[in-house]
Amino acid sequence: MRIAVVSHVRHPIAQPFMGGMEAHSWGLVQGLMARGHDVTLFAAGDSDPAFRIHPVLPEHYDRRYPWSEYVETRVLHDYLDASFEDAARALLAGGFDVVHNNSLHRYPPRLARQHRVPMVSSLHIPPFDAIHRAVRESTAPWSLFTVTSARQLESWWPEGPPAAAHVAHNGIDLAQWPFVAAGDGSAVWAGRIARTKGPHLAVQAALRLGMPLTLFGVIEDAEYWEAEIRPHLGGRIRHGGHLAPRELAAEMGRASVLLFTPLWDEPFGLAAVEAMACGLPVAALDMGAVREIAGEAGRYAAPDDPAGFDAAIRAALAIPRSVPRARVEAMFTRDRMIDRYEGLYRGARAGLDAPDDPVVFPEIELPALRPERVVLG
């Protein structure tokens, strides 16, 4: 198939990944290409040059408009709308068999619904107003949606999901996350270092238990880092940096347990799956889909229960390392993910034959936007 993958553009789709959405888009494109598909990645122009890039922006927007300063501002809103308007033209003119939309922008699903573009839109976050409205208005037999967990499906459609909504777990390339048979007794934490990810709770637990802990990930919230994390560095607590997958896998594999501390409605938890592939059991705060993803490879505590989290860490250390690896092999491989998406692509294309009432979204009335201007990157 000729496939367009549309990513979000806050960060580049390149290693080392800023978070799970970047890792997902990168792995998706690589996996589709490995199966012989002709893939164009619509992304920030400073994304991985190994891919064919159609630049939605010249470079990722967090460099020019940092999220912490511009979130919910008209400046950033208008900048992204203009960029995705141009991207929508290119998608309409590009002759793609199917579009896989990871953008979290409201234009692509509306484009699919109004212009009968076969599309699978993957929703990697809990619902928020603008994209939630666009999703609900854009479901059609050819405009399908995926979430990464059953918990997330319930969050997006508490009244019950439509036929166009599906669960499609994220998957990883097991070759990048090799199994290690034994750990050294230490703990690791991985992710964006921000309050919603809760690394301070991992630090506090490690200090209570006298357990060495290494934090891996980009410092997203500098004020939070300075107040909650930096004062504890030294001795048993260290920051291992922001690493590419192979380097992170090597570091994770040495440890004995992952401390997973989301303080939001966690849709999936890619860091947990990556650690599990290396053989690490998970001690987690029971938020969102965490229990659904880690299953028997984890032990759990309420977010406001430090003693319970300590007990979960001790209990997780007793889980044989073969258990988390086997769970990833059974449920969260990249091949399994690509199989699922290929089936949905075929379903979206088959849906083009279904009758449905036409709709018009004024903000995405693209025939008036002169598609002849499009130059595919």
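Predicted model only: the values in this text are computed from it and were never measured. (Residues numbered from 1 in each chain as written. Predicted model: local features only at pLDDT ≥ 70, side-chain atom pairs only at ≥ 80, totals over all residues. Heavy atoms only, no water.)

Chemist: How do you make sense of the sheet that holds strand β13 (residues 298-301) when you look at a structure like this?
Modeler: In sheet architecture, strand pairing relies on hydrogen bonds along the backbone and comes in two forms, parallel and antiparallel. Read across the sheet, six strands follow the order β10-β9-β8-β11-β12-β13 without closing on themselves; strand pairing throughout is parallel. Among the strands making up the open sheet, the edge pair consists of β10 (237-241) and β13. When strand polarity is set aside, the average angle formed by the axes of neighbouring strands in this sheet is 25°. Where strand β9 (residues 213-216) lies against β10, four bridges are found, and the strand directions are parallel. Directly across from Leu215, in β10, lies its bridge partner His239. (Pairing = 2+ DSSP bridges. Helix = DSSP H or I, 4+ residues; strand = E, 2+ residues; numbered from the N terminus. Axes fitted to C-alpha atoms, helices over the stretch in contact; angles between N-to-C directions.)

Chemist: Please clarify how helix α15 (residues 334-350) should be interpreted in this entry.
Modeler: Because an α-helix packs 3.6 residues into every turn, residues spaced three or four apart end up facing the same way. Its 17 residues give α15 an end-to-end C-alpha distance of 24 Å, which sits within 8% of 24 Å, the value for a rise of 1.5 Å per residue. Against β1 (2-7), α1 (20-34), β4 (98-102), β5 (119-123), β6 (143-147) and β7 (165-167) lie the buried residues of α15. (Expected span 1.5 Å × (residues − 1). Contact = heavy atoms within 4.5 Å.)

Chemist: When you look at the packing of helix α8 (residues 199-209) against helix α9 (residues 222-229) in this model, what are you seeing that I'm missing?
Modeler: A packed helix pair is summarised by two numbers, namely the angle formed by the two axes and the spacing between the axes. Following both chains from N to C, one finds α8 and α9 inclined at 15°, their axes separated by 10 Å at the closest point. Our classification of the angle between α8 and α9 gives roughly parallel. The crossing of α8 and α9 is right-handed. From α8, Pro199, His200 and Val203 reach across to α9, where they touch Tyr224, Glu228 and Ile229. Considering only residue class, the contact of α8 with α9 consists of four nonpolar, one polar and one charged. (Parallel < 35°, antiparallel > 145°, perpendicular 65-115°, else oblique. Left-handed = near helix turned anticlockwise from the far one by under 90°. Nonpolar A, V, L, I, M, F, W, Y, C, P; charged D, E, K, R; others polar.)

Chemist: Hey, could you run me through the environment of Thr261 in this one?
Modeler: Summarising the element assignment, Thr261 is placed in the loop between β11 (257-260) and α11 (270-277). Using a relative accessible area of 1% as the deciding quantity, one classes Thr261 as buried. Leaving out residues up to four positions away in the same chain, Thr261 has contacts with Trp189, Thr196, Lys197, Gly198, Pro199, Leu201, Ala202, Leu285 and Phe309. Polar contacts involving the side chain of Thr261 include one to the side chain of Trp189, which spans 2.8 Å. Within the structure, the side chain of Thr261 is placed 2.8 Å from the backbone oxygen of Gly198, a separation counted as a polar contact. (Buried < 20%, exposed > 50% of the residue type's maximum accessible area, 1.4 Å probe, protein only. Polar contact = N/O pair within 3.5 Å; in protein donor to acceptor, adjacent residues only side chain to side chain.)

Chemist: I tried to follow the side chain of His100 on my own but got confused; where do I start?
Modeler: Note that His100 resides in strand β4. Polar side-chain contacts of His100 include one of 2.7 Å to the side chain of Tyr345. Those residues in contact with His100 that sit more than four places away from it in its chain are Ala4, Val5, Val6, His24, Leu28, Val120, Ser122, Tyr341 and Tyr345.

Chemist: I keep staring at the packing of α1 against α15 and nothing clicks. Help me out?
Modeler: Relative orientation of the contacting elements α1 and α15 amounts to 75°, with a least axis distance of 10 Å. With respect to α15, the element α1 is oriented roughly perpendicular. Of the residues in α15, those in contact with His24, Gly27, Leu28, Gln30, Gly31 and Leu32 of α1 are Arg334, Met337, Ile338, Tyr341 and Tyr345. Class assignment of the residues belonging to the contact of α1 with α15 gives a composition of six nonpolar, four polar and one charged.

Spatial relationships are all this shows, so hold off on functional conclusions.
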